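If you want the building blocks of each chain, they are given just below.
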Amino acid sequence: MADDTEQGTGSAGIPPAVRAVYGPEDLSAVPSFAGGFINFGHWDGIPLDGPLGTEERVRSEQNLYRRVLEHLGATERKSAAEIGCGLGLGCALALREFGLAEATGVDLHPAQLERARRANADLLAASPPRLHFVLGSAERLPFAGGAFDLLYSVEAAQHFRDLGAFAREAARVLRPGGRMAVASFFTPRGGAGEAEELAARLEGFATGLDVAHPLPGLLGALERAGLAGVRAESIGASVWPGLDRFLAGIDLPVQWPRNFLGAYRDGLLDYYTVTAERPAAG
């Protein structure tokens, strides 16, 4: 297990928009991310024709984690790493509901890890320890090869700068037979002009906070890294309408997040879960 040292991934290497949004601006405190999970949510089972408040928003965020963790298969007494853990609330949910032996949250931003340690002080104080937080990047994970049974990431891959490096690192740190699951938003095809159109509609792409990664690029990177059973599932119908319905009912300081639904409906962007596994030895 790596310690919480910098491991060559200091704040100087963080893109400026990422440094600001997850540092002094503290995205976890923004009303649209009520509850601190910092994801767009999975809204199946939540009625969208009635009032949507903080309780429903938090449930949607928790449900997205559950959806991803269910894709990992058997989780009891397994070790798992979450890449882009934010406040670590997903790690805590995985330990509480999915029976992991240990969960290690990895994040690029030191401020996020400080918040994660405060938010999960009780779990961190438990003996024996089951929760850990480590500073590191998705493209350079500070772990030995074969360190984890499972690896997952929830709404962080849109920030990764090099999907090929992430895929190679995921394959490296998984044990033979280990599984991974990623949930995030990607362009369906990576066609000409898609990135420019997204930047015109959505400030996150314009500022460099988010990267318009084509889904085929991630799938190909995972296969080239030696992972097997690479699959993608569109879950946009369970994400974008519910998110937009919630945003319509709160006082947003800016209106551009309402454009996610339109980008989805126009085929520029979709939300996916992506799964793969490291082949078992022999």
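Observations regarding the environment of Glu194
Here's step 1: By the element assignment, Glu194 lies in helix H7 (residues 194–201).
Here's step 2: For the pair Glu194 and Gly267, spaced 73 residues apart in the sequence, the C-alpha separation amounts to 9.5 Å.
Here's step 3: When near neighbours in sequence (up to four residues on either side) are disregarded, Glu194 contacts Thr187, Arg189, Gly267 and Leu268.

A few points about the sheet that holds strand E5 (residues 174–186)
Here's step 1: On the basis of which strands lie adjacent, the open sheet formed by 7 strands has the order E3-E2-E1-E4-E5-E7-E6 and mixed pairing. Each edge of the sheet is formed by a strand with only one pairing partner; in this case those strands are strand E3 (131–135) and strand E6 (228–234). On average, each strand axis in the sheet is tilted by 15° relative to the strand beside it, whichever way the strands run.
Here's step 2: Along the sheet, helix H6 (residues 163–173) makes contact with strand E1 (79–83), strand E4 (148–154) and E5, crossing E5 at roughly 150°.

Quick look at the packing of aromatic side chains
Here's step 1: Taken as a whole and assessed by the stated rule, the structure comprises 18 aromatic pairs.
Here's step 2: Between Tyr65 and Tyr152 the ring centres are 6.5 Å apart and the planes differ by 85°, which places this aromatic pair in the edge-to-face class. Taken as a pair, Tyr65 in helix H2 (residues 54–70) and Tyr152 in strand E4 lie far apart in primary sequence, 87 residues in all.
Here's step 3: Among the aromatic residues, those joined into a ring-pair cluster are Phe33, Phe40, Phe185, Phe205, Trp240, Trp256, Phe260, Tyr264 and Tyr271.

Quick notes on the state of the cysteines
Here's step 1: Under the counting rule described, the total for this entry stands at 0 disulfides.
Here's step 2: Sulfur of Cys91: no disulfide; nearest cysteine sulfur belongs to Cys85 and is 5.3 Å away.
Here's step 3: Given a relative accessible area of 0%, Cys91 falls into the buried group.

Re the nonpolar core
Here's step 1: In terms of nonpolar packing, the biggest core is built from 58 residues, with Phe40, Tyr152, Phe185, Trp240, Phe260, Leu269 and Tyr271 touching the most fellow members.
Here's step 2: When residues of this core are assigned to their parent elements, the largest contribution, 6 residues, is made by helix H3 (residues 89–98).
Here's step 3: Those residues in contact with Phe260 that sit more than four places away from it in its chain are Phe40, Phe185, Leu202, Phe205, Trp240 and Leu269.
Here's step 4: Judged by nonpolar contacts, the second largest core, of 31 residues, contains Val106, Phe166, Ala170 and Leu215.

Quick notes on unusual backbone geometry
Here's step 1: The step from Ser127 to Pro128 runs through a cis peptide bond, and the omega angle for that step is 0°.
Here's step 2: Positive phi, close to 55°, is recorded for Ile38, a residue that is not glycine.
Here's step 3: Locating Ile38 in the fold gives a position in the loop between helix H1 (16–21) and H2.
Here's step 4: Positive phi outside glycine occurs at Glu155, with the angle close to 50°.
Here's step 5: Residue class for Glu155 comes out buried when judged on its relative accessible area of 7%.

A few points about helix H10 (residues 240–247)
Here's step 1: Of all 8 residues in H10, 6 are buried; the element is thus mostly enclosed.
Here's step 2: Among the residues of H10, Trp240, Gly242, Leu243, Asp244, Phe246 and Leu247 are the ones counted as buried.
Here's step 3: In this structure, the buried residues of H10 make contact with H2, E5, helix H11 (259–265) and strand E7 (270–277).

Some details on the confidence of the model for the protein chain
Any residue range with low pLDDT should be treated as having predicted coordinates unsuitable for detailed reading.
Here's step 1: On average, the protein chain scores 94 in pLDDT, and the residues at 70 or more come to 95%.
Here's step 2: Every residue in residues 1–10 scores below 50 in pLDDT, and together they form 21 contacts with partners more than four places removed in sequence or on other chains.

Overview of the pattern of salt bridges
Here's step 1: The final tally for this structure, using the stated rule, is 13 salt bridges.
Here's step 2: Residue Glu97 pairs with Arg96 through a salt bridge whose shortest N-O separation is 4.0 Å.
Here's step 3: Looking at Glu97, the relative accessible area reads 37%, which means it is partly exposed.
Here's step 4: Residue Arg258 pairs with Asp244 through a salt bridge whose shortest N-O separation is 2.7 Å. Here Asp244 lies in helix H10 and Arg258 lies in the loop between H10 and H11, a separation of 14 residues in the sequence.
Here's step 5: Of the residues examined, Asp244 reaches a relative accessible area of 11% and is grouped as buried.

Points about the side chain of Thr275
Here's step 1: On the secondary structure map, Thr275 appears in strand E7.
Here's step 2: On the basis of relative accessible area, Thr275 is assigned to the buried category, the value being 9%.
Here's step 3: Ignoring anything within four residues of it in the chain, the contact list for Thr275 reads His71, Arg179, Met180, Ala181, Gly229, Val230 and Arg231.

Notes on the side chain of His159
Here's step 1: Counting through the fold element by element, His159 comes out in the loop between E4 and H6.
Here's step 2: Polar side-chain contacts of His159 include one of 2.7 Å to the side chain of Tyr22.
Here's step 3: Within the local environment of His159, its side chain forms a polar contact with the backbone oxygen of Leu209, the two atoms lying 2.8 Å apart.
Here's step 4: With residues near it in sequence (within four places) discarded, His159 still touches Tyr22, Leu209 and Asp210.

About the cut-offs
Residues numbered from 1 in each chain as written. Predicted model: local features only at pLDDT ≥ 70, side-chain atom pairs only at ≥ 80, totals over all residues. Heavy atoms only, no water. Helix = DSSP H or I, 4+ residues; strand = E, 2+ residues; numbered from the N terminus. Contact = heavy atoms within 4.5 Å. Pairing = 2+ DSSP bridges. Axes fitted to C-alpha atoms, helices over the stretch in contact; angles between N-to-C directions. Phe/Tyr/Trp six-rings, centres within 6.5 Å; stacked < 30°, edge-to-face > 60°. Disulfide = S-S within 2.5 Å. Buried < 20%, exposed > 50% of the residue type's maximum accessible area, 1.4 Å probe, protein only. Core = buried A, V, L, I, M, F, W, Y, C linked by side-chain atoms within 4.5 Å. pLDDT = per-residue confidence, 0-100. Salt bridge = Lys/Arg side-chain N within 4 Å of Asp/Glu carboxyl O. Polar contact = N/O pair within 3.5 Å; in protein donor to acceptor, adjacent residues only side chain to side chain.

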